[in-house]
Amino acid sequence: VHSKTRVLVLGVSGMLGNAVFRVFAASEGHEVIGSARSASVLRLLPQDLRDRVVCGVDCDNFDSLARLFAQGS
């Protein structure tokens, strides 16, 4: 039984983060979750990817990141 590798992409509103997020989302071997500081990024994503983004995450704030990691466990 093969399990999918879980991937967290920080900053999906940026050019690199968005591209990496989309590549992993298209890969069948990965389960990807993205983070974004603002929910406004959701309008830039296809409908089927929006539920994979956790909004309100400030990567410069340790507590914000800790809450994000706690959600994934």
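What you see is a predicted model; the values in this text were computed from it and never measured. (Residues numbered from 1 in each chain as written. Predicted model: local features only at pLDDT ≥ 70, side-chain atom pairs only at ≥ 80, totals over all residues. Heavy atoms only, no water.)

Caption draft 1: A look at the sheet that holds strand β2 (residues 30–36). A sheet is described by the order of its strands in space; here three strands give the open sequence β1-β2-β3, paired in parallel fashion. The open sheet has two edge strands, β1 (5–9) and β3 (53–55), and neither has a second partner. Adjacent strand axes in the sheet meet at a mean angle of 20° when their direction is disregarded. With three bridges joining them, β2 and β3 adopt parallel strand pairing. Its bridge partner lying in β3, Gly 34 is registered against Val 53. (Pairing = 2+ DSSP bridges. Helix = DSSP H or I, 4+ residues; strand = E, 2+ residues; numbered from the N terminus. Axes fitted to C-alpha atoms, helices over the stretch in contact; angles between N-to-C directions.)

Caption draft 2: Spatial organisation of the side chain of Asn 18. Positionally, Asn 18 belongs in helix α1 (residues 15–26). Under the relative-accessibility criterion, Asn 18 is labelled buried at 15%. Reaching out from Asn 18, the side chain makes a polar contact with the backbone oxygen of Val 12 at a distance of 3.2 Å. At 2.6 Å, the side chain of Asn 18 and the side chain of Arg 22 are in polar contact. Those residues in contact with Asn 18 that lie beyond four places of it in its chain are Gly 11, Val 12 and Leu 45. (Buried < 20%, exposed > 50% of the residue type's maximum accessible area, 1.4 Å probe, protein only. Polar contact = N/O pair within 3.5 Å; in protein donor to acceptor, adjacent residues only side chain to side chain. Contact = heavy atoms within 4.5 Å.)

Caption draft 3: Here's a closer look at the environment of Asp 51. Looking at where Asp 51 falls in the secondary structure, it is placed in the loop between β2 and β3. Between the C-alpha atoms of Asp 51 and Val 41, which are ten residues apart in sequence, the distance is 12 Å.

Caption draft 4: Layout of the environment of Gly 17. Counting through the fold element by element, Gly 17 comes out in helix α1. The exposure class of Gly 17 is buried, given its relative accessible area of 12%. The spacing of Gly 17 and Gly 34 is 17 residues in sequence and 8.3 Å in space, taken between C-alpha atoms. If we ignore the near neighbours within four places in the chain, the residues touching Gly 17 are Val 9, Leu 10, Gly 11 and Val 12.

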